[in-house]
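Descriptive analysis of the structure
Each chain, letter by letter, is given below.
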Amino acid sequence: MIPFPYSSGRTTATAILLAASLISACTTPASETATIVMEAEAPVADSEFTIAVLPDTQNYLDYTHQAAEGFPFEASELFLKQMQYVADNLESAGGEIAFVTSLGDVWQHQTLVMDEDHKARGFKAVPNPIMDSFFAPTEKTKTVEMPKAHEGFSLIAGKTPFSVVPGNHDYDSMFTDSKFPPKATRPQEVDPKDLKSSLGIVHPGGLDNFRSVFGADTAFFKDKPWYVASHDGGADSAQIFEAGGYRFLHIGLQFDPPSSSLDWAKAVMVKYPGVPTIVSTHDYMDKEGARVPNPIVDGHAVDPQNNNPQMVWDKLISQNDQIFLVLCGHEHGQAYRVDDNAFGNKVWQVLADYQDRGQTAIDAGVKSAWPVGIGDGWMRLMRFDMAEATPVMTVKTYSTHYEKMSRDTDTYAAWYKAGEKPKLSDEAFHDEDDYAVTLTDFHARFDKTGRVAK
């Protein structure tokens, strides 16, 4: 078992390159796991636990980032090492991780130009020279990317409650809608101030691929007592886990969830009234903390049955008082905000997505017209200390590749700040990935309904 690498210190919290970065938003062997020895300290109390949050892993699994395609290393090995790290630090292995949530975009490519449902409903696809060059459908999704995703999650299967939500890349197709065709035919024509017009809007459809790996009837979830509900074949799902003296409900929602998904989520909460609830979904908040869709992957703009991030807040999050935390990915970077819901209680909302981080590609000598995103092993570790008079959620960011916390990585800001938060000081940039928040109203809201009887 790997001792959990957690510091007790808490800290409060041109055009081608930009276009390529936003395109990808639409966009060490596993056995050699890090051993990190901490100074001797008291055993972890039952009141403390950690949630492992896995942001977009698509660039690890991208078939073009593997040695068979001429890439200088197997990016998938970084993914497997990350999953092995999680497995070795689960509560069932003597560690602190009580729950694992993947925020979607597990893999990169699609297998269809357009799914049958959108065809039947009259949607039309148009060519998109730039986007199609990155994301043309390929059978290698099924022969390379999806099997590797299954291999990684098999490392934690049967050992912990976990959730995986579909991001836009996990759908069977991601077509450019005829109502929003692109103007640009080559990267030099992209206007970074008007990406929607330059690149058009792509739209995901079809979930057969996702269901085949992470559906409700797969061995990952079927008959698991903690997997308590599902909708749309597992595209939306609910899990129950106990940690820190409380019972928690987790709800995973598909990309820009349709209203039927929101109605299902409400019904699940009716069955578990007052249980503190965490929601994970792929697309919810940008890196400035605004609940807005990515301009070139705007599900609601293409198909009104899908809800954009603000609609998800208005219809679901703000109207259900037991939701206290929302986790999301999709937008490259990190952000955090807290808002009062309709009942005057706090909802903490946290973004993490490290797919654009490509220091590992630079280290390997990759040459490209624009940066090549990999992920560099970064993930989120969210520790909850429920014994405090006011519970504390401490957010840390850890790389299973570099085997360091972000705060302990001297080159962290030099590597990543310019591409994510260039206006921040180095210290403020560190604070984006290493901070603590007090869950001010948690006891008042949930002690009567969420505590586990001793």
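What you see is a predicted model, and the numbers here were worked out from it, not measured in a lab.

What about the sheet that holds strand S11 (residues 333–340)?
An order of S6-S7-S8-S9-S10-S12-S11 is seen for the seven strands of this open sheet, with the pairing classed as mixed. Each end of this open sheet is capped by a strand with a single partner; those strands are strand S6 (227–231) and S11. Strand-to-strand twist across the sheet, computed as the mean angle between neighbouring axes with direction ignored, equals 15 degrees. One ladder, built from five bridges, connects strand S9 (residues 277–281) with strand S10 (residues 323–328); its direction is parallel. Residue pairing for S10: Val279 is matched across the bridge by Val326. Helix H15 (residues 442–450) rests against strand S8 (246–253), S10 and strand S12 (346–353) of the sheet, and its axis sits at about 105 degrees to S8.

Thoughts on the nonpolar core
Core analysis: the largest hydrophobic core is formed by 55 residues, its most contacted members being Val86, Val100, Phe153, Ile156, Phe162, Phe214 and Ile374. The leading source of residues in this core is helix H3 (residues 75–88), at eight residues. Excluding residues that lie within four positions of it along the chain, Phe162 makes contacts with Phe99, Val100, Phe153, Ile156, Ala157, Phe220, Phe221, Trp226 and Gln239.

Remarks on helix H13 (residues 412–420)
Along H13, the positions that sit buried rather than exposed are Tyr412, Ala413, Tyr416, Lys417 and Glu420. Angular distribution of buried residues about the axis of H13 spans 115 degrees; they occupy a single face of the element. More than 90 degrees from the buried face of H13, the exposed residues found are Ala414, Ala418 and Gly419.

Quick word on the pattern of salt bridges
Under the counting rule described, the total for this entry stands at 27 salt bridges. In this structure, Arg211 and Asp208 form a salt bridge, with 3.3 Å as the shortest nitrogen-oxygen distance. Within this pair, Arg211 and its partner Asp208 are both found in helix H8 (residues 208–214), separated by three residues, close to a single helical turn. Note that Arg445 and Asp441 form a salt bridge whose closest N and O atoms lie 3.3 Å from each other. As far as burial versus exposure is concerned, Arg445 and Asp441 are alike and both buried.

Quick look at the pairing of strand S4 (residues 173–176)
The alternating pattern of S4 places Ser173 and Phe175 and Met174 and Thr176 on opposite faces, both of which are buried. Note that S4 and strand S5 (residues 202–205) share four bridges and pair antiparallel. Bridge pairing in S5 places Met174 opposite Pro204.

Regarding unusual backbone geometry
With a phi angle near 65 degrees, Asp223 is a residue other than glycine that sits in the positive phi range. With respect to the secondary-structure elements, Asp223 resides in the loop between H8 and S6. When its relative accessible area of 70% is taken as the criterion, Asp223 is described as exposed. For Asp376, which is not a glycine, the phi torsion comes out positive at approximately 55 degrees. With respect to the secondary-structure elements, Asp376 resides in the loop between helix H12 (359–363) and strand S13 (378–385).

Side note on H15
For H15, the complete set of buried residues consists of Phe442, Arg445, Phe446 and Gly450. Seen along its axis, H15 keeps its buried residues to an arc of 90 degrees; they face one direction. Opposite its buried face, H15 presents the exposed residues Ala444 and Lys448, each directed more than 90 degrees away. Where H15 is buried, its residues contact S8, S10 and S12.

With respect to the confidence of the model for the chain
Summary statistics for the chain give a mean pLDDT of 91 and a share of 90% for residues scoring 70 or more. Segment residues 1–45: pLDDT under 50, and 124 contacts once partners within four positions in sequence are set aside and those in other chains are kept.

Concerning the packing of aromatic side chains
Per the counting criterion, the structure on display carries 36 aromatic pairs. With a centroid separation of 6.2 Å and 45 degrees between ring planes, the pair formed by Phe248 and Phe324 is classed as tilted. Here Phe248 is found in strand S8, whereas its partner Phe324 is found in strand S10, with 76 residues between them in sequence. Owing to a relative accessible area of 1%, Phe324 belongs among the buried residues under this scheme. Grouped by ring-pair contacts, the aromatic residues Phe79, Trp107, Phe153, Phe162, Phe210, Phe214, Phe220, Phe221, Trp226 and Tyr227 constitute a single cluster. When the ring centre of Trp313 is taken as origin, the NZ or CZ atom of Arg291, which lies over that ring, is 4.3 Å away.

Quick notes on the packing of H3 against helix H6 (residues 140–154)
Look at H3 against H6: their axes get within 8 Å of each other, and the N-to-C directions meet at 20 degrees. The angle between H3 and H6 places the two elements in the roughly parallel class. Note that H3 runs across H6; the crossing there is right-handed. Side by side, H3 and H6 meet where Ser76, Phe79, Leu80 and Met83 of the first sit next to Lys148, Ala149, Glu151, Gly152 and Phe153 of the second. A per-class count over the contact of H3 with H6 returns five nonpolar, two polar and two charged.

Cut-offs applied
- Residues numbered from 1 in each chain as written.
- Predicted model: local features only at pLDDT ≥ 70, side-chain atom pairs only at ≥ 80, totals over all residues.
- Heavy atoms only, no water.
- Pairing = 2+ DSSP bridges.
- Helix = DSSP H or I, 4+ residues; strand = E, 2+ residues; numbered from the N terminus.
- Axes fitted to C-alpha atoms, helices over the stretch in contact; angles between N-to-C directions.
- Contact = heavy atoms within 4.5 Å.
- Core = buried A, V, L, I, M, F, W, Y, C linked by side-chain atoms within 4.5 Å.
- Buried < 20%, exposed > 50% of the residue type's maximum accessible area, 1.4 Å probe, protein only.
- Arc of directions from axis to C-beta.
- Salt bridge = Lys/Arg side-chain N within 4 Å of Asp/Glu carboxyl O.
- pLDDT = per-residue confidence, 0-100.
- Phe/Tyr/Trp six-rings, centres within 6.5 Å; stacked < 30°, edge-to-face > 60°.
- Lys NZ or Arg CZ within 6 Å of the ring centre and 35° of its normal.
- Parallel < 35°, antiparallel > 145°, perpendicular 65-115°, else oblique.
- Left-handed = near helix turned anticlockwise from the far one by under 90°.
- Nonpolar A, V, L, I, M, F, W, Y, C, P; charged D, E, K, R; others polar.

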